[in-house]
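Residue-level structural notes
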There are 2 protein chains.
Amino acid sequence: MNLKQQEKYFHHLLETKDLKTLKSEAKDMNEADLAEILEDFNSHDSLLIFRMLPKDLSIEVFTYMTPSQQIQLVQSVTDKELQELLDDLFLDDRVDLLEEMPAGLVTKFLSKAPAEERKLLNQFLQYPEDSAGSLMTIEYVSLEPEMTVKEAMAYIKENGMKKETIYTCYVVDERKKLLGFVSLRDLVIADPYEKIEDIMLEDVVFVETTEDQEEIGDMFTKYGYLAFPVVDREHRLCGIITFDDIMEVLEDEATEDFHRMAAINPSDEDYMDETPMDLAKNRIPWLLILMISATVTGSIIHHFDTLIGEFIILTSFIPMITGTGGNTGSQSSTMVIRGLATGEIEWEDMLPVMWKEMRVGLIAGTFLAIVNFLRLVFLTSTSFTVALTVSLTILCTVILSKLLGAFLPITMARLGLDPALMAASFITTIIDSVVLIIYFSIAGMILLR
Amino acid sequence: MNLKQQEKYFHHLLETKDLKTLKSEAKDMNEADLAEILEDFNSHDSLLIFRMLPKDLSIEVFTYMTPSQQIQLVQSVTDKELQELLDDLFLDDRVDLLEEMPAGLVTKFLSKAPAEERKLLNQFLQYPEDSAGSLMTIEYVSLEPEMTVKEAMAYIKENGMKKETIYTCYVVDERKKLLGFVSLRDLVIADPYEKIEDIMLEDVVFVETTEDQEEIGDMFTKYGYLAFPVVDREHRLCGIITFDDIMEVLEDEATEDFHRMAAINPSDEDYMDETPMDLAKNRIPWLLILMISATVTGSIIHHFDTLIGEFIILTSFIPMITGTGGNTGSQSSTMVIRGLATGEIEWEDMLPVMWKEMRVGLIAGTFLAIVNFLRLVFLTSTSFTVALTVSLTILCTVILSKLLGAFLPITMARLGLDPALMAASFITTIIDSVVLIIYFSIAGMILLR
């Protein structure tokens, strides 16, 4: 049975009130699949199924739910159930949930939590959103340098169930300073009587609590590690970030780039959960800025009124020329923006990239100009001079758009701004103006001779 | 010392021929960092440093290099060194390298490999590129159901060094059929005399050898597992895919989407490694298609020549109107394309999405139309009728572009085509035509009354 069929089957079981079968079916399912299925049930039915699950499974399913699913569930369970649920979550999941929950519920929950825990949670809630501090968990295994491998294994056996990962264990001194790490693989393979300090690796790659999640995502991609330790300014171990927490971050960061490149203010919400008003709010500002910037192109055209009045035919090529400029420019800017995001392109590469784009522009521009010229002269009734004007404009347009498409994003990045802002929409508006000036200047030179 | 400083220091040590210090510095470095630094040395120096590294480290560094770095290195080492290097790589890395290597080198290497190994490598090289088969490795731990935990641990201790991961172990019967899995964590915590079949989990999420890497990437994001088993059609275990192999895939897939959305044919090469001619080849086809499609807009404008001749002022609003249409449409199409890619939006969501986009269009369109109308009437000398024409066009444009931006990508996906093709560039060209017809029709109705 695939997921869709399973979902239909669950609906059927609910309708026929065969809750016993439902319960036994659900308990054997994968937690991620269950969370996905529950998303399509109404809140009443979804709570009903959720309550049927064995305790351990229900916690797992909960952590796989989307934030909006979680909030909906949290708001429908009893206070006692909520308390139990929260107690069983790993600290990082608990913090995530508290960050999403309505303020009233958070206060209520925190007021009931033991003092020690309240202090800890408050501290976590204070880390900036999207920082290592807010992503990390404190459920890690820490070992002492003097332990033997055997002692370490016994310690892990005793405490491992409560830890988010036991595959990378961190070695700290008595003041919690991070000394090194040892993988469970090394522990399993090592001689039981060796000392941890003799087998640990001291070359630890770590992040600081204030590090931004985008950087951390890049580190996971670069190093391919399971987890990174998070340290404070005194190099004391505060927590760890595991790879499964970062998979979503990587996806979210890419989504953010996609949206910003399409001139949408990024939002943390899922598309399907947002109201039309929220969506409109994220989109209107840029549309407005771009619409008003486009008046520049309007006044450029206005400026050449006399020329256009004489040669109305020039008007009909405007969309093709600005379109080609926009497309060419956004090809280059997209390549460069993505290269900057993955770390392949840096400020130092400015000149080589510009040089490369210029050559690409020369090749592509010449090709397009020739095709365009032949098409206009042989397939349409366009005059030779107009065809020449349009084709020369295309050549200049393509080269210039390629250069701007490379130059602007790298410059933005250098200024500490997000290069994604220089993507398709924005760059198109800039290129439109430049290209129209070129077009009418060439037209003036050729046609008014 | 950060990486840049380290790199400069290495350059300095090479210049002063202090190879001893260089050697001792390099051997303590992280393998991913070393690979990154070596990228900026010329092939002679990079080989020199590479040869100084202890054997184990040099293999690690090699796996972190980019394909073009690897090929360069492979072509400069001696045959004997190449043989040793290849022997020490895990099978999946070896297959990756062979796939990238020039055909001559591959044949030479394969002819020297033992028959058994040659057969295996040939089999791997036959899996379609980007399929689970070509990504997987065969260095996994497989256990038998009748083993005790203690026996399993002894087996892992014995064989673990040669395996890509030991954190997830797979349980197979005598015919290699996949029965279940057990994590090293469970093994460590379990009673030593329990049987594997009693503690293993039977609900294994697996992939088939033919599965595409994009799907596999989504599964890692969804389930958050360390590894997935790969099975053939008879459900026999063929290999495993680990999360570190997929991190790069996820990045590459996102890059591919970015490029396709900017109307660039995706390429496997890194930007900095491609020649201007290659880059131009990936970009020209779409530029050409888009340029020629734009003649439709040209003939629409041509069709309204008389109207334009009478009201030349209409011309100056063309870029603003088509620009706003393009930007609005690409906002919607980007959101929808990304939603389709992350699995949030499906074919079934077509109507809700269209309905949502229509309301967003109504809100944003009304707002933009009003701002535009007020600006034209009060801040410029535009006549009331022209301002009305332009503003009404903007309202219709925004609503229509939102609808098309949602409709086209979902339809593409439904037809089994890549929805990313319906991104900014392409959708802009379609919207341009539609919007110009609306513009001139409204203008005709209002101005020619």
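One can find the structure itself at the top, above this paragraph.
So, here's what we can say about the structure. All values reported here derive from a predicted model rather than from experimental measurement.

**Points about the overall build of chain A**
- Regarding its fold elements, chain A presents 22 helices and 6 strands.
- Taking 2.2 N^0.38 as the reference for a compact globule, 449 residues should give roughly 22 Å; the C-alpha atoms of chain A span a radius of gyration of 30 Å, well beyond that estimate.
- Of all 449 residues assigned to chain A, the portion counted as buried reaches 54%.
- Considering only intrachain contacts with a sequence separation of at least 6, the fraction spanning at least 24 residues in chain A is 66%.
- Of the roughly 19,800 Å² of accessible surface on chain A, a fraction of 56% belongs to carbon and sulfur atoms.
- The centroid of the 36 positive side-chain charges in chain A is displaced by 2 Å from the centroid of its 73 negative side-chain charges.

**A closer look at the sheet that holds strand β1 (residues 142-143) of chain B**
Residue and element names in this part refer to chain B.
- Pairing within the open sheet is mixed, and its 3 strands lie in the order β1-β2-β3. Either end of the sheet is taken by a strand with one partner, and the two such strands are β1 and β3 (178-183).
- Two elements, strand β2 (residues 168-172) and β3, share 5 bridges in a ladder whose sense is antiparallel. The partner of V172 across the bridge, within β3, is L178.

**Observations regarding the pattern of salt bridges**
- Using the criterion set out here, one finds 18 salt bridges over all chains in the structure.
- Put simply, E234 of chain B and R236 of chain B hold a salt bridge, and the shortest N to O gap is 3.2 Å.
- Classification of E234 of chain B by relative accessible area gives partly exposed; the value is 43%.
- Linked through salt bridges whose partners overlap, the residues forming this network are D33 and E36 of chain A together with K222 of chain B.

**Things to note about helix α15 (residues 213-223) of chain B**
- For α15 of chain B, the full list of buried residues reads Q213, I216, G217, M219, F220, T221 and Y223 of chain B.
- N-cap assignment for α15 of chain B: the residue whose side-chain oxygen lies 2.9 Å from the backbone N of E214 of chain B is D212 of chain B.

**With respect to the interface of chain A and chain B**
- The interface of chain A with chain B comprises 113 residues on the first partner and 113 residues on the second.
- Summed over both partners, the interface of chain A with chain B comes to about 10,400 Å²; 68% of that surface belongs to carbon and sulfur atoms.
- The three residues of chain A that bury the most area against chain B are R185, F258 and Y271 of chain A, which together make up 8% of that side's buried surface.
- Taken together, the links from chain A to chain B amount to 8 salt bridges.
- The salt bridge involving R283 of chain A is made with E357 of chain B; its shortest N-O contact spans 2.8 Å.
- Viewed at the interface, chain B and chain A are joined by 33 residue pairs in polar contact (both at pLDDT 80 or more).
- No other element matches helix α17 (residues 276-303) of chain A, which puts 17 residues into the side of chain A that touches chain B.

**Some thoughts on the relation of the copies chain A and chain B**
- After a rotation of 180 degrees and a shift along the axis of 0.0 Å, chain A superposes on chain B with an RMSD of 0.1 Å. When the rotation and shift are considered jointly, the pair of chain copies conforms to a two-fold rotation axis.
- Same-surface contact between copies: 100% of interface residues of chain A are shared with the interface of chain B.

**Structural notes on the nonpolar core**
- Core analysis: the biggest nonpolar cluster contains 159 residues, and L184 and L187 of chain A together with L184 and L187 of chain B have the highest contact counts within it.
- Among residues more than four places away in sequence, those in contact with L187 of chain B are L143, V149, A152, M153, I156, C169, V182, I196 and I199 of chain B.
- Counting 51 residues, the second largest nonpolar core, distinct from the first, contains L340, M354, V386 and I427 of chain A.

**Remarks on the environment of V371 of chain A**
Residues and elements named next belong to chain A.
- On the secondary structure map, V371 appears in helix α20 (residues 350-379).
- Taking the relative accessible area as the measure of exposure, V371 reaches 23% and is therefore partly exposed.
- Along the backbone, V371 and S391 are 20 residues apart, and their C-alpha atoms lie at a distance of 8.7 Å.

**Side note on the sheet that holds strand β4 (residues 207-208) of chain A**
Residues and elements named next belong to chain A.
- Overall, mixed pairing links the 3 strands, which are arranged β4-β5-β6 in an open sheet. The sheet terminates laterally at β4 and β6 (237-242), the two strands that pair on one side only.
- Along the sheet, helix α15 (residues 213-223) makes contact with β4, β5 (227-231) and β6, crossing β5 at roughly 140 degrees.

**Side note on the packing of aromatic side chains**
- Here the structure, examined in full by the defined rule, presents 18 aromatic pairs over all chains.
- Ring centres of Y223 of chain A and Y225 of chain A lie 5.4 Å apart, and the angle between their planes is 35 degrees; this geometry places the pair in the tilted category. In this pair, the class of Y223 of chain A matches that of Y225 of chain A, namely buried.
- With centroids separated by 5.6 Å and ring planes inclined at 40 degrees, the aromatic side chains of Y225 of chain B and F228 of chain B adopt a geometry described as tilted.
- Note on F228 of chain B: relative accessible area 1%, which makes it buried.
- Taken together, the aromatic side chains of F220, Y223, Y225 and F228 of chain A make up a single cluster linked through ring pairs.

**What about the environment of E248 of chain B?**
Residue and element names in this part refer to chain B.
- Tracing the sequence through the fold places E248 in helix α16 (residues 243-261).
- E248 sits in the exposed class, given a relative accessible area of 51%.
- C-alpha separation for the pair E248 and G217, spaced 31 residues apart in sequence, amounts to 9.5 Å.

**Here's the deal with the packing of α17 of chain A against helix α20 (residues 350-379) of chain B**
- α20 of chain B packs onto α17 of chain A with a crossing angle of 35 degrees between their chain directions and a minimal axis gap of 9 Å. The element α17 of chain A and its partner α20 of chain B pack so that their crossing is right-handed. Here P276, M277, L279, A280, R283, I284, L287, L288, M291, I292 and T295 of chain A of α17 of chain A come into contact with α20 of chain B, specifically with K356, E357, R359, V360, I363, A364, F367, L368, V371, N372 and R375 of chain B.

**Details of the packing of helix α4 (residues 43-52) of chain A against helix α6 (residues 67-76) of chain A**
Residues and elements named next belong to chain A.
- At their nearest, the axes of α4 and α6 sit 10 Å apart, and the two run at 80 degrees to each other. As far as their axial angle goes, α6 and α4 are roughly perpendicular. Mapping the contact onto sequence places S43, S46, L47, F50 and R51 in α4 and Q72, L73 and S76 in α6.
- For the contact of α4 with α6, the per-class residue count stands at 3 nonpolar, 4 polar and 1 charged.

**Description of unusual backbone geometry**
Residue and element names in this part refer to chain B.
- Its identity as a non-glycine residue notwithstanding, K17 has a phi of 55 degrees, on the positive side.
- Along the polypeptide, K17 turns up in the loop between α1 (3-15) and α2 (19-27).
- A positive phi angle is found at H235, which is not glycine, with a value near 65 degrees.
- Tracing the backbone shows H235 in the loop between β5 (227-231) and β6 (237-242).

**Description of a nonpolar patch on the surface**
- The grouping of I370, L374, F378 and L379 of chain A at the surface amounts to a nonpolar patch, some 470 Å² of accessible area in total.
- Inspection of the secondary structure puts F378 of chain A in helix α20.

Cut-offs applied
Residues numbered from 1 in each chain as written. Chains lettered and ligands numbered in written order. Predicted model: local features only at pLDDT ≥ 70, side-chain atom pairs only at ≥ 80, totals over all residues. Heavy atoms only, no water. Helix = DSSP H or I, 4+ residues; strand = E, 2+ residues; numbered from the N terminus. Rg over C-alpha atoms; globule rule 2.2 N^0.38 Å. Buried < 20%, exposed > 50% of the residue type's maximum accessible area, 1.4 Å probe, protein only. Contact = heavy atoms within 4.5 Å. Areas by Shrake-Rupley, 256 points an atom, 1.4 Å probe, with all protein chains shown as cover. Lys, Arg positive; Asp, Glu negative; His and termini not counted. Charge placed at Lys NZ, Arg CZ, Asp CG, Glu CD. Pairing = 2+ DSSP bridges. Salt bridge = Lys/Arg side-chain N within 4 Å of Asp/Glu carboxyl O. Polar contact = N/O pair within 3.5 Å; in protein donor to acceptor, adjacent residues only side chain to side chain. Buried area = accessible area lost by both parts, 1.4 Å probe. Least-squares fit on C-alpha atoms with pLDDT ≥ 70 in both. Core = buried A, V, L, I, M, F, W, Y, C linked by side-chain atoms within 4.5 Å. Axes fitted to C-alpha atoms, helices over the stretch in contact; angles between N-to-C directions. Phe/Tyr/Trp six-rings, centres within 6.5 Å; stacked < 30°, edge-to-face > 60°. Left-handed = near helix turned anticlockwise from the far one by under 90°. Parallel < 35°, antiparallel > 145°, perpendicular 65-115°, else oblique. Nonpolar A, V, L, I, M, F, W, Y, C, P; charged D, E, K, R; others polar. Patch = residues over 30% accessible without salt bridge, like charges linked within 9 Å, V, L, I, M, F, W, Y side chains within 5 Å.

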